[in-house]
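# Secondary and tertiary structure notes
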Amino acid sequence: MYRITPFFWALLGLLGIKLGFLCWIQEDSLFLYPQIDGKEYYRWALTILEGQWLQPRPFYQSPFYPYFLASLFSLFPAKVLTVALCQIFFSTATAGLLFSITQNAFGTKAAWATFFLYTLSGCLYFYEIQPLKTTLVLFCTALLFKLLQQKSSGLGTGFTLGILILLRGNTFLLLPFILLYLFWEQKITRPLFGLFLLGCFCPLSLSLVHNYQVSQEWILNTYQGGTNFYIGNHLGASGTYQPLLSGRQVPEFEEADAITLAEKMAGKKLSYREISNFWLHQSFLFFQHYPLEAIQLQFKKLGLYFWPGEFPDGLQYSFWRSRYPLYHFFVVGYGTLWILGLCGFYAMMKKSSLHKQNTRLFGLFLVGNLVSVVTFFIFNRDRLPVIIALYPLAGSAFVQFPKKWMLCCLLIGALLDRWPSNPSNSYMILGALEFQQEQWQKAEHSLRKAVETGNQPEAWDKLGELYLYQKEWIQAQGCFETAVAQNPKWDLPYFHLGYLWLNRSILLNDLRLEQKAQTFFQKSLQFSLQKDQTCAKIAHLYWEYSKKIMNPNYQEIALSFMSLAQQLNKHCPEWTIELEKMKNTHK
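What counts, and where the lines are drawn
- Residues numbered from 1 in each chain as written.
- Predicted model: local features only at pLDDT ≥ 70, side-chain atom pairs only at ≥ 80, totals over all residues.
- Heavy atoms only, no water.
- Helix = DSSP H or I, 4+ residues; strand = E, 2+ residues; numbered from the N terminus.
- Rg over C-alpha atoms; globule rule 2.2 N^0.38 Å.
- Buried < 20%, exposed > 50% of the residue type's maximum accessible area, 1.4 Å probe, protein only.
- Phe/Tyr/Trp six-rings, centres within 6.5 Å; stacked < 30°, edge-to-face > 60°.
- Lys NZ or Arg CZ within 6 Å of the ring centre and 35° of its normal.
- Axes fitted to C-alpha atoms, helices over the stretch in contact; angles between N-to-C directions.
- Parallel < 35°, antiparallel > 145°, perpendicular 65-115°, else oblique.
- Left-handed = near helix turned anticlockwise from the far one by under 90°.
- Contact = heavy atoms within 4.5 Å.
- Nonpolar A, V, L, I, M, F, W, Y, C, P; charged D, E, K, R; others polar.
- Expected span 1.5 Å × (residues − 1).
- 1 Å grid on protein atoms, 1.4 Å probe; cavity = no way out; pocket = protein on both sides within 12 Å on 5 of 7 lines; lining within 4 Å.
- Points joined across faces, edges and corners; volume = space filled by probe spheres on them.
- Core = buried A, V, L, I, M, F, W, Y, C linked by side-chain atoms within 4.5 Å.
- Patch = residues over 30% accessible without salt bridge, like charges linked within 9 Å, V, L, I, M, F, W, Y side chains within 5 Å.
- Areas by Shrake-Rupley, 256 points an atom, 1.4 Å probe, with all protein chains shown as cover.
- Salt bridge = Lys/Arg side-chain N within 4 Å of Asp/Glu carboxyl O.
- Arc of directions from axis to C-beta.
- Polar contact = N/O pair within 3.5 Å; in protein donor to acceptor, adjacent residues only side chain to side chain.

### Quick word on the overall build of the chain
Each helix and strand in the chain was counted, giving 30 helices and zero strands. Taken over C-alpha atoms, the radius of gyration comes to 27 Å for the chain, in line with the 25 Å a tight globule of 587 residues would show. Principal-axis analysis of the C-alpha atoms places the extent of the chain at approximately 85 × 55 × 50 Å. Scored against the burial criterion, the 587 residues of the chain give a buried share of 56%.

### Some remarks on unusual backbone geometry
Positive phi is not limited to glycine here, since Ile 36 has a value of about 55°. The topology assignment puts Ile 36 in helix α3 (residues 36-49). Residue Ile 36 is classed as buried on the basis of its relative accessible area of 19%. For Glu 438, which is not glycine, the phi dihedral falls at a positive 60°.

### Here's the deal with the packing of aromatic side chains
For the structure on display, the rule yields 60 aromatic pairs. When the centroid spacing of 6.0 Å and the interplanar angle of 50° are considered together, the rings of Phe 21 and Trp 24 count as tilted. Pair noted here: Phe 21 and Trp 24 are both in helix α1 (residues 6-25), with a separation of three residues, about one helical turn. Of note, Lys 537 hangs over the ring of Phe 495, and the distance from its end group to the ring centre comes to 4.3 Å.

### Thoughts on the packing of helix α5 (residues 80-106) against helix α6 (residues 108-119)
The N-to-C vectors of α5 and α6 enclose an angle of 150°; their axes lie 7 Å apart at closest approach. The orientation of α5 relative to α6 falls into the category roughly antiparallel. Viewed along their axes, α5 and α6 form a crossing whose handedness is right-handed. Counted together, Ser 91, Thr 94, Ala 95, Leu 98, Phe 99, Thr 102, Gln 103 and Phe 106 of α5 and Thr 108, Ala 110, Ala 111, Trp 112, Thr 114, Phe 115 and Tyr 118 of α6 form the full contact between these two elements. Looking at side-chain class alone, the contact of α5 with α6 contains nine nonpolar, six polar and no charged residues.

### Considerations on helix α8 (residues 134-149)
Here α8 is 16 residues long and its end C-alpha atoms lie 22 Å apart, about the 22 Å a rise of 1.5 Å per residue gives. Burial runs high along α8: 15 of the 16 residues are buried. Of the residues trailing α8, Lys 151 is marked for its positive phi of about 55°.

### Remarks on empty space enclosed by the protein
Empty space among the atoms becomes visible once a probe the size of a water molecule is rolled across them. Tallying each qualifying case throughout the model produces six cavities of 30 Å³ or more. Within this model, the largest cavity holds a volume of roughly 290 Å³. Counting only elements with at least two residues in the lining of the largest cavity, the list comes to α7 (122-128), α16 (317-323) and α19 (380-383). Here the lining of the largest cavity gets three residues from one element, more than from any other, and that element is α16. Classifying every residue of the lining of the largest cavity by side-chain character gives ten nonpolar, five polar and five charged. Taken together, 19 residues line the second largest cavity, and the ones lying closest to its centre are Pro 34, Gln 35, Gln 130, Leu 132 and Leu 315. For the lining of the second largest cavity, the elements supplying multiple residues, two or more each, are α2 (29-32) and α3.

### Some words on the nonpolar core
Counting residues in each nonpolar core, the largest one holds 169 residues, and the members touching the most others are Tyr 305, Trp 320, Ile 387 and Tyr 542. Looking at which element gives the most residues to this core, the answer is α5, with twelve residues. Not counting residues up to four positions away in its chain, the partners in contact with Ile 387 are Leu 124, Leu 138, Tyr 334 and Leu 337. Within the second largest apolar cluster, 13 residues are counted, among which are Tyr 223, Tyr 230, Leu 261 and Leu 270.

### Points about a nonpolar patch on the surface
On the surface, a cluster of nonpolar side chains totalling about 500 Å² of accessible area is made up of Leu 292, Ile 295, Phe 299, Leu 302 and Phe 306. Mapped onto the fold, Phe 299 is located in helix α15 (residues 291-306). According to the relative accessible area criterion, Phe 299 is exposed, its value standing at 60%.

### Some words on the layout of surface pockets
Quantified by volume, the largest pocket comes out at close to 1600 Å³. If you trace the largest pocket, you find 49 residues lining it, with Glu 255, Ala 256, Ile 259, Thr 260 and Gln 530 closest to the centre. Within the residue set of the lining of the largest pocket, elements represented by two or more residues are α3, α13 (251-266), α14 (272-289), α27 (511-527), α28 (531-549) and α29 (552-568). In terms of residue count, the dominant contributor to the lining of the largest pocket is α13 (ten residues). Taken together, the residues of the lining of the largest pocket break down into 20 nonpolar, 14 polar and 15 charged.

### A short note on the packing of α27 against α29
Their axes nearest at 14 Å, the elements α27 and α29 cross at an angle of 10°. Judged by the angle between their axes, α27 and α29 are roughly parallel. Contact residues: α27 offers Glu 514, Gln 518, Gln 522 and Leu 525, while α29 offers Tyr 554, Ile 557, Phe 561 and Leu 564. Taken together, the residues of the contact of α27 with α29 sort by class into five nonpolar, two polar and one charged.

### Observations regarding helix α21 (residues 403-417)
If you check α21, its first and last C-alpha atoms are 21 Å apart, about what 15 residues at 1.5 Å a residue would give, namely 21 Å. Within the span of α21, buried status applies to Met 406, Cys 409, Leu 410, Gly 413, Ala 414 and Asp 417. The buried residues of α21 occupy one face: seen down the axis, they fall within an arc of 135°. Along α21, the residues that are exposed and aim more than 90 degrees away from the buried face are Lys 404, Trp 405, Leu 407, Leu 411 and Leu 415. Contacts from the buried residues of α21 go to α6, α16, α17 (334-350) and α20 (387-400).

### Notes on the environment of Ser 62
Within the fold, Ser 62 resides in the loop between α3 and α4 (64-75). Taking the C-alpha atoms as reference points, Ser 62 and Leu 164, 102 residues apart in sequence, are found 9.8 Å from one another. Non-local contacts of Ser 62, meaning those with residues more than four positions away in its chain, are made with Trp 44, Lys 133, Ile 165, Leu 166, Leu 167, Arg 168, Gly 169, Asn 221 and Thr 222. For Ser 62, the side chain forms a polar contact with the main-chain nitrogen of Gly 169, separated by 3.4 Å.

### Overview of the environment of Arg 273
Tracing the sequence through the fold places Arg 273 in helix α14. On the basis of relative accessibility, which here comes to 38%, the residue Arg 273 falls in the partly exposed class. Residues Arg 273 and Pro 176, 97 residues apart in the sequence, show an inter-C-alpha distance of 23 Å.

Read these as geometric descriptors, not functional statements.
Structure (structure tokens):
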């Protein structure tokens, strides 16, 4: 008769904790309405569900996760709650894999310590409830580690790595380290080597065929690699994520900006592969002309990789923790795991004769993950897979070192993980969401907090937009002018200033103010990358106002801007149709 082990009950307990957290936060607007990357994945999954399996262009973002969501939504309701429930089960399965990995490497006591540390990791509860690929990446990474540890067939190991690459493109750089381990430890034969490569290529062949079908170019996964490499390796790079253009750090702009800027700088139309190669070449020029700065940047990224602080582009875990104080009891974070993990690695190295295979596997994995992240830029979710190796090492440290030392390390790590981070970005996301829901007072409070803590032009512009909607012209003008002062080459505040002066000219019936509005609209057009879309927005604005106040001059202005949009992008049928409609109505 099959006996239920204590670990099974422990897993059920962990699952219960995770489901309890989900019940607690399920009414939170930040959970119900995904933002930034989560919003894009959700939108992409819904388009696939509607039948658009082929994208109009080669993949720019890694494609596996949206297709995974679409498959999930084909079976269950297309809600964020569905995603959260599914990812909670994957996260619980990851705990089981980590227990098994640690038990095989360091024994049962260390495995229980690993499970305890995993249970106390608050950031995992934060990521698994969002439509982000982090939880799936951690599960696949743990599965890959387990397969390498138990020397399984090359086909399964390669297939898992292929899925990982489709989830997060930078994991392609793990390939040479895995091959080194296979040749070094397992003395892999040619047939097994062939099976490993075949398994790896099977998932990647799907993206390869898709990309060739839509572009006639052989692109293995995405054409984003060159852009990401440039973001982390150019003169003025911070070492963390920065958009190519300030104020446009959302998926809907990233791809368009990479294409438009590359073609503008190259002075010609570029293919998708050429766009990636262009940005790659720009980075190589940086290495060639500024070698000292390039070396300093790599060391800076190396330091940021180990730093326990957050480097997000979306909602921050520290901000989420401040909304739900119970998360403060879950004290294990990135810094804690590195301190305990290094202690465990040191103990393993001292007994290298007993842990020869473990030393090679853990060492190569730690170095491989570091290289795959530092090569590009430091980003919270990108560096997180290293914890799959850190958890077992940390668990072994708890067994091998005196308990007082380990509690001291745990306390130091917990303090480091509480290192204050700037919540401006999270306040801005919350304020924008409250703005959409017409919660005006809450939105103003959040956006005020965003400008007070971060003083970013994006926050000032969003706050100005709120005041503009409420017809508080003076406050709105001040916010937009501050945004312009902080970033004079950003088109959006100029557009909003034009909109503001156009409204005021109508209210005061002052032609001079309308001319001022046109000046700002022209400024917006000057700095806009997608000039045809900016022209169309201005045209629609004047056209709507011409209907309200029956001013034929506004129709003439609308026609001139729409004509310019059509001239700037003659391949866009939408502008031609809109122009014809306006002309017919004007007659």
